[in-house]
Amino acid sequence: MSTELESDLTGAVEGGEHDEQHEPELKAIARHLFKNRAAVVGMVIIGIFLLGAIFAPLLTPYGPTDTALGSSLQGPSLDHPLGTDELGRDLFSRLLFGARISVMIGLISVVIGVVIGVPIGAISGYYGGAIDLFTQRFIDIMIAFPGILLAIIVVTVLGVGVENVMIATGLASVPLYARLVRGSVLSAKEQTYVHAAKAAGIRNSSIIFRHILPNCLGPIIVQSTFQIATSILWAAGLGFLGLGAQAPTPEWGAILSRGRGYMRVAHHLTTFPGVAILLMVLGFNLIGDGLRDALDPKTR
Amino acid sequence: MYRYVIRRLLLTIPVLVGVSLLVFFMIRLLPGDPARALAGMQASPEFIEQTRARYYLDEPLPVQYGIFVRDILRGDLGQSTFSRRPVALELRIRFPRTLQLAVTALAIATVVGVSAGVVSATKRYSLFDNISMLLALIGVAAPVFWLALMLQLLFAVNLGWLPSSGIGTWRHMVLPSVTLGMASAGLIARITRSSMLDVLRQDYIMTARAKGLVEQIVVYKHAFKNALIPVVTVMGLQFGILLGGAVLTETVFAWPGVGRLLVDSILRRDYPVVQATVLVLALSFVLINLIVDIIYAYLDPRITYDGAS
């Protein structure tokens, strides 16, 4: 505790942060994370998807929207490793380019959730009283809607499309961050370093954003890893229902939805996109589990 | 206990008001004229004006909201712009079907999840533990609509054992409810396992074992009940998620419930139905959470003291 107090006060006085003291801690977290076999499997899965998404144009000679009606609904072959769809488009290249969309949706929706949810939770937890009461009832209302339903409502109002899916899934995650951060701030604000910072006359906003929130980063990072996975699932669900990305965008849920019409003759159009979604979500969930264990001193 | 229940009931009131406000503004935030949204895209100018008068859309927002709440309390949820039938009538037919699906899915998820979780915890690191936890991870990560299609392909199209869609007999229930319950089963199994492991490490379990009690009694009589507390919470949350997930499952299996009605209505821009469906789903979620919190307080007396103080 004394080291923590010292390091935080040093940071407060010098205006800098405490990277050097935290370095061994970060190393311990990284070591624990890399020792966790499941987390490593998750990192490998996500690593492969990221490399595939980044180098998609080099990995396949076909564009994601290149049609070839002469070779429609073909099964997997050397030319088309995952087969082709009803318009002769190469499924492998559509899934590779689709990975870019899924990762973007996951990341941007998490950014939206963090940017809106974290300050709401922090202010609510730190100030308490009427502010807390009001924001918590607001969060209760948002939580009254299952996530996918909230995302459907937002898309209904804003209209379909990838950008609106990002906003919808991001807004649907706001209450989760707000609740999480409020809980962390409630316990953090009773710590000695916060009392010391208050006594030193540091402004409340500075205490919240420069001292308390950096100490709540662990749970936020863990939640974000899980939330990327959830957002990808929600976005694929919206795409499947026709409320997400529109044709010819190679979004995984939308690809699966179109493939459904050809399930009896070309089930690869539903099988492979589903496996891609499953693996990506599984990858992020495994990393999230590993990070949670690595960041929790009790399990280390 | 009673003070906690009353406090929890009182806290539900602002949530109900908030949910109704959110649904009320949903239609009013749509681009364009809300009268046209509520009358339907193909409606005649006369019908649009009738709708404007019917919902008092020329009046200030607080008056409109008052009318909206009054109509809800009277059970008047408007008229579908597609079928021209009262929405309340449609929901009365469809909601029980969704509820039936969600309850069956939750029952399957609970039986499978709790059993797998308990056995995994008692046989930690065994082959069963590893396989069931891997399946649980996959169950949580698999998109429900994909799982639905795969089960449909296997059991309805290839094997012909079960009907691929529709309602009628118990056989129609199997695929939709198993699909819907899979993800929840995975989550419940993981929570049960970790909760059981926590409880099995407690001193009173060691005492029970030291007294020479049979292992089955230690596990099922002493550990199981306490390990169930977090599981009940997750089950409550899962019920809401199942209602949300029903939107996707019902679409794949052509199950004529509320979820499919919602998607069809959004695609048809039948906003009175969208509004009423969202309202009903959210209200049932609030109600279920309320029931779960009360059960939770009953199972864990510490909650009562915290709440009362």
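Residues numbered from 1 in each chain as written. Chains lettered and ligands numbered in written order. Predicted model: local features only at pLDDT ≥ 70, side-chain atom pairs only at ≥ 80, totals over all residues. Heavy atoms only, no water.

> Tell me about the overall build of chain A, residues and numbers included.
From N to C terminus, chain A includes 13 helices and 0 strands. Along chain A, from the amino end to the carboxyl end, the secondary structure elements read α-α-α-α-α-α-α-α-α-α-α-α-α. Each principal axis of the C-alpha atoms in chain A carries an extent, and together these give about 75 × 40 × 30 Å. Per-residue burial over chain A gives 54% buried out of 300 residues. Residue pairs in contact within chain A that sit at least 24 positions apart in sequence constitute 71% of those at least 6 positions apart. A total accessible area of about 13200 Å² is found for chain A, and carbon and sulfur atoms account for 65% of it. Positive and negative side-chain charges in chain A, numbering 20 and 22 respectively, have mean positions lying 6 Å apart. (Helix = DSSP H or I, 4+ residues; strand = E, 2+ residues; numbered from the N terminus. Buried < 20%, exposed > 50% of the residue type's maximum accessible area, 1.4 Å probe, protein only. Contact = heavy atoms within 4.5 Å. Areas by Shrake-Rupley, 256 points an atom, 1.4 Å probe, with all protein chains shown as cover. Lys, Arg positive; Asp, Glu negative; His and termini not counted. Charge placed at Lys NZ, Arg CZ, Asp CG, Glu CD.)

> Residue-level account of the environment of B:Ala185, with values.
All names here are of chain B. Tracing the backbone through its elements, the reader meets Ala-185 in helix 8 (residues 170-200). According to the relative accessible area criterion, Ala-185 is buried, its value standing at 10%. Each C-alpha atom of the pair Ala-185 and Val-140 lies 8.3 Å from the other, and the pair is 45 residues apart in sequence.

> Talk me through unusual backbone geometry; I want residue IDs and the actual numbers.
Residue and element names in this part refer to chain A. Residue Pro-248 follows Ala-247 across a cis peptide bond; omega there is 5°. Take Pro-248: it is sitting in the loop between helix 11 (217-241) and helix 12 (252-259). For Leu-73, which is not a glycine, the phi torsion comes out positive at approximately 50°. Residue class for Leu-73 comes out partly exposed when judged on its relative accessible area of 28%.

> An account of a nonpolar patch on the surface is requested, with residue identities and associated values reported.
Residues and elements named next belong to chain B. A cluster of nonpolar residues, Tyr-2, Ile-6, Leu-10, Ile-13, Val-17, Leu-21, Phe-25, Leu-29 and Leu-61, forms a patch on the protein surface that exposes about 890 Å² of accessible area. Considering every element that reaches the nonpolar patch, the biggest residue donor is helix 1 (residues 2-28), with 7 residues. Examined against the element boundaries, Phe-25 turns out to sit in helix 1. (Patch = residues over 30% accessible without salt bridge, like charges linked within 9 Å, V, L, I, M, F, W, Y side chains within 5 Å. Salt bridge = Lys/Arg side-chain N within 4 Å of Asp/Glu carboxyl O.)

> Describe the interface of chain A and chain B, naming the residues involved and giving the relevant values.
Taken together, the contacts link 36 residues of chain A with 43 residues of chain B. Linking chain A with chain B are 1 salt bridge. Linking chain A with chain B are 5 residue pairs in polar contact (both at pLDDT 80 or more). Of all elements in the fold, only helix 6 (129-143), helix 7 (147-158), helix 11 and helix 13 (268-295) of chain A reach the threshold of two or more residues within the side of chain A that touches chain B. The element contributing the most residues to the side of chain A that touches chain B is helix 13 of chain A, with 11 residues. When its residues are assigned to classes, the side of chain A that touches chain B shows 23 nonpolar, 8 polar and 5 charged. (Polar contact = N/O pair within 3.5 Å; in protein donor to acceptor, adjacent residues only side chain to side chain. Nonpolar A, V, L, I, M, F, W, Y, C, P; charged D, E, K, R; others polar.)

> Break down the packing of helix 11 of chain A against helix 12 of chain A for me, with residues and values.
Residue and element names in this part refer to chain A. Look at helix 11 against helix 12: their axes get within 7 Å of each other, and the N-to-C directions meet at 35°. Relative to helix 12, the crossing made by helix 11 is right-handed. Between helix 11, through Ala-236, Gly-239 and Phe-240, and helix 12, the contact on the second element is made entirely by Gly-253, Ala-254, Leu-256 and Ser-257. Grouping the constituent residues of the contact of helix 11 with helix 12 by class yields 4 nonpolar, 3 polar and no charged. (Axes fitted to C-alpha atoms, helices over the stretch in contact; angles between N-to-C directions. Left-handed = near helix turned anticlockwise from the far one by under 90°.)

> Can you explain helix 11 of chain A? Please cite residues and give values.
For an α-helix the count is 3.6 residues per turn, leaving residues at separations of three or four pointing the same way. Across its 25 residues, helix 11 of chain A extends 35 Å between first and last C-alpha, which sits within 8% of the 36 Å expected from 1.5 Å per residue. Immediately beyond the C-terminal end of helix 11 of chain A, within one or two residues, lies A:Gly242, with a positive phi of roughly 85°. (Expected span 1.5 Å × (residues − 1).)

> Pulling in residues and values, what's your account of the side chain of A:Gln227?
Along the chain, the position of A:Gln227 falls in helix 11. Other than its neighbours up to four places away in sequence, A:Gln227 contacts A:Val110, A:Ser173, A:Leu176, A:Tyr177 and A:Trp234.

> Would you mind going over the packing of aromatic side chains in detail, with residue names and values included?
Taken as a whole, this structure holds 8 aromatic pairs over all chains when the rule is applied. Ring plane angle 20° and centroid distance 4.6 Å describe the contact between A:Phe240 and B:Phe145, whose orientation is recorded as stacked. On the criterion of chain membership, the pair formed by A:Phe240 in helix 11 and B:Phe145 in helix 7 (residues 144-158) is interchain, its members lying in two chains. No difference in accessibility class separates A:Phe240 from B:Phe145, as the two residues are buried. (Phe/Tyr/Trp six-rings, centres within 6.5 Å; stacked < 30°, edge-to-face > 60°.)

> For the confidence of the model for chain B, give the residues involved together with the corresponding values.
All names here are of chain B. Here chain B averages 88 in pLDDT, while 97% of its residues score no lower than 70. Considering only residues more than four positions removed or in separate chains, one finds that residues 305-309, a stretch of pLDDT under 50, has 3 contacts. This complex was scored by the predictor with a pTM of 0.87 and an ipTM of 0.86. (pLDDT = per-residue confidence, 0-100.)

> Requested: an account of helix 11 (residues 258-268) of chain B, with residues and values cited.
Within helix 11 of chain B the residues assigned to the buried category are B:Val258, B:Gly259, B:Leu261, B:Leu262, B:Val263, B:Ser265 and B:Ile266. Along its buried surface, helix 11 of chain B packs onto helix 7 and helix 11 of chain A together with helix 5 (87-122), helix 10 (215-252) and helix 12 (271-299) of chain B. One or two residues past the end of helix 11 of chain B sits B:Arg269, with phi positive at roughly 55°.

> An account of the packing of helix 5 of chain B against helix 12 of chain B is requested, with residue identities and associated values reported.
Residues and elements named next belong to chain B. Closest axis-to-axis distance for the helix 5/helix 12 pair is 10 Å, and the angle between their directions is 45°. It follows from the interaxial angle that helix 5 and helix 12 lie oblique. For the crossing formed where helix 5 meets helix 12, the hand is right-handed. Taken together, the residues of helix 12 that come into contact with helix 5 (itself represented by Val-87, Leu-91 and Phe-95) are Pro-272, Val-273, Ala-276, Thr-277, Val-280 and Ser-284. Residues belonging to the contact of helix 5 with helix 12 are distributed by class as follows: 7 nonpolar, 2 polar and no charged. (Parallel < 35°, antiparallel > 145°, perpendicular 65-115°, else oblique.)

> Now, about the nonpolar core: what can you tell me, with residues and values included?
Formed by 150 residues in total, the largest nonpolar core has its most connected members in A:Phe145 and B:Val19. One finds B:Met196, B:Ala208, B:Val219 and B:Ala227 within the second-largest nonpolar core, a separate group that totals 18 residues. (Core = buried A, V, L, I, M, F, W, Y, C linked by side-chain atoms within 4.5 Å.)

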